[in-house]
Amino acid sequence: MANLGFIGLGVMGSEMVDRLLAKGHTVTGYNRTRSKAERLIEKGMKIAESPREVAEAADVVLSMVTNGPALKGIAEGPDGFLAGLSAGKILVDISTVGPDLSREMAEKVRALGADMLDAPVSGSVITLQEGNLSVMVGGRAETFEKVKPILLDIGPKVTHVGGNGLALSMKIASNLSLAVQMLAFSEGVLLAEKSGIKREVAVDVLTHSAIASPMIKYRGPFVLQQPEEAWFDVNMMQKDMLLALDLGRQLNVPLPTTAVTNEFLTAARAMNWAKLDFAVIFDVLAKLSGIDTGVGR
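Going by the annotation in an unreviewed UniProt entry, the name recorded for the protein chain is 3-hydroxyisobutyrate dehydrogenase-like beta-hydroxyacid dehydrogenase, with Tunturiibacter lichenicola given as the source organism.

Okay, here's the thing in structure tokens:
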């Protein structure tokens, strides 16, 4: 069993720690809002007062925060994890940030004698709870082999895709399709609904048809009712779409459907729906179609 640290106990992070504890690992955790860690403390997780304390206590540190500035926030300064890392330790960052930023962070980690992998995941809370999460990993192959058994305790599919930053490129390439698929699905539902078919019937047919990807199967019903807590809110989804558009410009890859779908996320923010699950782009399109779904009331 490994001596692990985990920084960032949000919806996904806390579920990962839950799985790691269940596998018998020792986990020292940190979260800016300590109250979110209470249920994990009850299950045996040790609590630290700073990212630095986590890095000092663990051999392998996993981190999962919302964006680039948040990653810098837990890394830098006297209480950041860089101050607590030392030779032989490994940082596995699960956050979805820009590949260039991740490579810069890896250089700082290696300057301390430690090593770093980027290891973003594909899937949702439900995917994680069901044990079907997919993990992409970028970094040195020998470091990957050391942590692979730990990552397999989080999800059954763990793939080394290449050097540092490349797992993030893969994650961004994957995530742009989530919102694009959701918009296409929404178009189909609304076309059926305005033809006279009940929305729930249209959703049932489409989620059991040839177009029903795993994402459509679990998120499609959100057009009938938003979840009580967003699985992946509009702000988070738009962050990933902007990362994709930026990467597309760098690599000269046009991303037309990504660009269009991103505008629907902007519209959702304008309608004060930023904290709802990004499936709310259905409600944006519904409003443009003359249908008031009642979301946000």
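**Q** Report on the packing of aromatic side chains, specifying residues and quantitative values.
**A** Tallied over the entire structure, the rule returns 3 aromatic pairs. Their ring planes at 45° and their centres at 5.7 Å tell us that Tyr218 and Trp231 sit as a pair that is tilted. Residue Tyr218 is found in helix 10 (residues 214-219), and its partner Trp231 is found in the loop between helix 10 and helix 11 (234-251); the two are separated by 13 residues along the sequence. By relative accessible area, Trp231 is classed as partly exposed at 23%. With 6.4 Å between their ring centres and 90° between their planes, Phe232 and Phe278 make a pair best called edge-to-face. Of this pair, Phe232 sits in the loop between helix 10 and helix 11 while Phe278 sits in the loop between helix 12 (256-270) and helix 13 (281-288), and the two are 46 residues apart along the sequence.

**Q** Could you give me a rundown of the UniProt feature "domain: 3-hydroxyisobutyrate dehydrogenase-like NAD-binding" (unreviewed entry) in the protein chain, with the residues and numbers involved?
**A** As recorded in UniProt, the sites labelled "domain: 3-hydroxyisobutyrate dehydrogenase-like NAD-binding" (unreviewed entry) are residues 169-282. A distance of 27 Å separates the end C-alpha atoms of residues 169-282, which is 66% helix and 0% strand.

**Q** Provide a residue-level description of the environment of Leu82, including the pertinent values.
**A** Relative to the helices and strands, Leu82 resides in the loop between helix 4 (68-75) and strand 5 (90-93). On the basis of relative accessible area, Leu82 is assigned to the buried category, the value being 17%. Once you skip the residues sitting within four places of it in the chain, Leu82 turns out to touch Ala75, Met105, Lys108, Val109 and Leu112.

**Q** Which residues make up the pattern of salt bridges, and what values go with them?
**A** Counting across every chain of the model gives 13 salt bridges. For Glu76, the salt bridge is made with Lys108, and the minimal N-O distance between the two is 3.4 Å. Within this pair, whereas Glu76 is found in the loop between helix 4 and strand 5, its partner Lys108 is found in helix 5 (residues 99-110), the two being separated by 32 residues in sequence. Here Lys108 falls in the partly exposed class, since its relative accessible area comes to 40%. Among the ionic pairs, Arg140 bridges to Asp115, the shortest N-O distance being 3.8 Å. You can see Arg140 sitting in the loop between strand 8 (134-138) and helix 7 (141-152) and its partner Asp115 sitting in strand 6 (residues 115-118), a full 25 residues away along the chain.

**Q** How would you explain the UniProt feature "active site" (unreviewed entry) in the protein chain if you had to name every residue and give the values?
**A** In the UniProt entry, the feature "active site" (unreviewed entry) is given for Lys171. With respect to the helices and strands, the residue Lys171 is situated in helix 8 (residues 166-194).

**Q** How would you summarise the domain arrangement of the protein chain if you had to cite specific residues and measurements?
**A** On domain assignment, one finds that the protein chain holds domain 1 (3-162) and domain 2 (169-289). Its C-alpha centre places domain 1 at a distance of 28 Å from the equivalent point of domain 2. Residue-level contacts link 16 residues of domain 1 with 13 residues of domain 2. Three residues, Thr96, Pro99 and Met136, lead the burial of domain 1 against domain 2; their summed loss comes to 34% of the area buried on that side.

**Q** Residues and numbers for the packing of helix 11 against helix 12, please.
**A** Where helix 11 contacts helix 12, the two axes come as close as 10 Å, and the packing angle between them is 150°. Of the possible angle classes, the one that applies to helix 11 and helix 12 is roughly antiparallel. For the crossing formed where helix 11 meets helix 12, the hand is left-handed. For the pair helix 11 and helix 12, contact is made by Val234, Asn235, Met237, Gln238, Met241, Leu242, Ala244 and Leu245 and by Thr258, Ala259, Thr261, Asn262, Leu265, Thr266, Ala268 and Arg269, respectively. Here the residues of the contact of helix 11 with helix 12 are counted per class, giving 9 nonpolar, 6 polar and 1 charged.

Cut-offs applied
Residues numbered from 1 in each chain as written. Predicted model: local features only at pLDDT ≥ 70, side-chain atom pairs only at ≥ 80, totals over all residues. Heavy atoms only, no water. Phe/Tyr/Trp six-rings, centres within 6.5 Å; stacked < 30°, edge-to-face > 60°. Helix = DSSP H or I, 4+ residues; strand = E, 2+ residues; numbered from the N terminus. Buried < 20%, exposed > 50% of the residue type's maximum accessible area, 1.4 Å probe, protein only. UniProt positions renumbered as here; feature names shortened; annotations may be inferred. Contact = heavy atoms within 4.5 Å. Salt bridge = Lys/Arg side-chain N within 4 Å of Asp/Glu carboxyl O. Domains from an automatic or database assignment. Buried area = accessible area lost by both parts, 1.4 Å probe. Axes fitted to C-alpha atoms, helices over the stretch in contact; angles between N-to-C directions. Parallel < 35°, antiparallel > 145°, perpendicular 65-115°, else oblique. Left-handed = near helix turned anticlockwise from the far one by under 90°. Nonpolar A, V, L, I, M, F, W, Y, C, P; charged D, E, K, R; others polar.

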